[in-house]
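# Observations on the three-dimensional arrangement
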Amino acid sequence: MSTTQSERLRALLEPLVSKKGLDLEEIEVTPAGRRRVLRVVVDSDDGVELDTCAELSRALSEVLDESDVMGGNPYVLEVTSPGADRPLTEPRHYRRALGRLVKANLTETAGGGEVTARITAADDQGIDLEVPGVKGRRPTTRRLAFGDIAKARVEIEFNRKAAEKRAQHGSAAADDEGKEEA
């Protein structure tokens, strides 16, 4: 897709997306046989519901049909939310991942390497992390400026709730033992 088409699509679609209270994250046009697929990725602090995607799809379709930005060739419009594996690239992405486990590759100026930790806070300059302790040690905190992060993604946790329940149950059991000893 040419930069010109991308800019024209963004200029045409972003006001409608913003009107719904959403952020336009990505626009992608890819060939699919004789057609093309126009994928519009939207997100918000509260996530995106399926009904919202359907409503937005209808509104975007009307505007696209009235414009010549996609040319005369057929295309399929997809309106979707970002997947779980999408890269974290904007401060709002980190804010939306608050409490989640992330894997960040650091820039060479930040010492390089990789950090896997839980986001505890995010602002316009960077993120605060809770880095798990190694070999029974307590977790530590770390601050990363966005300029120190080469790339980052949320780590999918399949058993996080079970681990949290065990931790809560363990601390409740410890509290009960303390009461019995007193």
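Keep in mind that what you see is a predicted model, and the values were worked out from it rather than measured. (Residues numbered from 1 in each chain as written. Predicted model: local features only at pLDDT ≥ 70, side-chain atom pairs only at ≥ 80, totals over all residues. Heavy atoms only, no water.)

On the basis of which strands lie adjacent, the open sheet formed by three strands has the order β1-β2-β3 and mixed pairing. Two strands close off the open sheet at either side, each with one partner strand: β1 (23-32) and β3 (75-80). Each adjacent strand pair in this sheet contributes to an overall mean axis angle of 15°, direction not counted. One ladder, built from six bridges, connects strand β2 (residues 35-43) with β3; its direction is parallel. What sits directly across from Leu 38, in β3, is Leu 77. Against the sheet, helix α2 (residues 50-66) contacts β2 and β3, and its axis sits at roughly 145° relative to β3. (Pairing = 2+ DSSP bridges. Helix = DSSP H or I, 4+ residues; strand = E, 2+ residues; numbered from the N terminus. Axes fitted to C-alpha atoms, helices over the stretch in contact; angles between N-to-C directions. Contact = heavy atoms within 4.5 Å.)

Let's shift gears to the packing of aromatic side chains. Note on aromatic pairs: each is described by the distance of the centres and the angle between the planes. Applying the stated criterion across every chain, the model contains one aromatic pair. With a centroid separation of 5.0 Å and an interplanar angle of 45°, the aromatic rings of Tyr 94 and Phe 146 are classed as tilted. With Tyr 94 in helix α3 (residues 91-96) and Phe 146 in the loop between β7 (140-145) and β8 (149-154), the pair connects residues that are 52 residues apart, well separated along the chain. Judged by relative accessible area, Phe 146 falls into the buried class, the value being 18%. (Phe/Tyr/Trp six-rings, centres within 6.5 Å; stacked < 30°, edge-to-face > 60°. Buried < 20%, exposed > 50% of the residue type's maximum accessible area, 1.4 Å probe, protein only.)

Turning next to the pattern of salt bridges. Summed over all chains, the structure comprises 17 salt bridges. The salt bridge partner of Arg 95 is Asp 45, with a shortest N-O separation of 3.3 Å. Of the two residues, Arg 95 sits in helix α3 while Asp 45 sits in the loop between β2 and α2, which places them 50 residues apart along the sequence. Using a relative accessible area of 40% as the deciding quantity, one classes Arg 95 as partly exposed. The residue Arg 143 makes a salt bridge to Asp 123 at a minimum N-O spacing of 2.9 Å. Pair noted here: Arg 143 is in strand β7 and Asp 123 is in the loop between β5 (114-122) and β6 (126-131), with a separation of 20 residues, a long-range link. (Salt bridge = Lys/Arg side-chain N within 4 Å of Asp/Glu carboxyl O.)

Bringing the nonpolar core into the picture now. It is characteristic of soluble globular proteins that their nonpolar side chains tend to be buried jointly. Grouped together as the largest cluster of nonpolar side chains are 18 residues, with contacts concentrated most on Leu 9, Leu 38, Val 40, Val 42, Leu 60, Leu 64 and Val 79. Examining the composition of this core, we find that four residues originate from one element, α2, more than from any other. Sequence-distant contacts of Leu 38, that is, excluding residues within four places in its chain, are made with Leu 9, Ile 27, Glu 28, Val 29, Leu 64, Met 70, Tyr 75, Val 76, Leu 77 and Glu 78. Judged by nonpolar contacts, the second largest core, of 17 residues, contains Val 102, Ala 117, Ile 119 and Ile 149. (Core = buried A, V, L, I, M, F, W, Y, C linked by side-chain atoms within 4.5 Å.)

Our focus in this paragraph is the pairing of β5. Here strand β4 (residues 101-106) runs beside β5; their pairing, made up of five bridges, is antiparallel. Looking at the pairing, Val 102 lines up with Ala 117 of β5. As paired strands, β5 and β6 are joined by four bridges and run antiparallel to one another. Counterpart to Arg 118 in the pairing with β6 is Glu 130.

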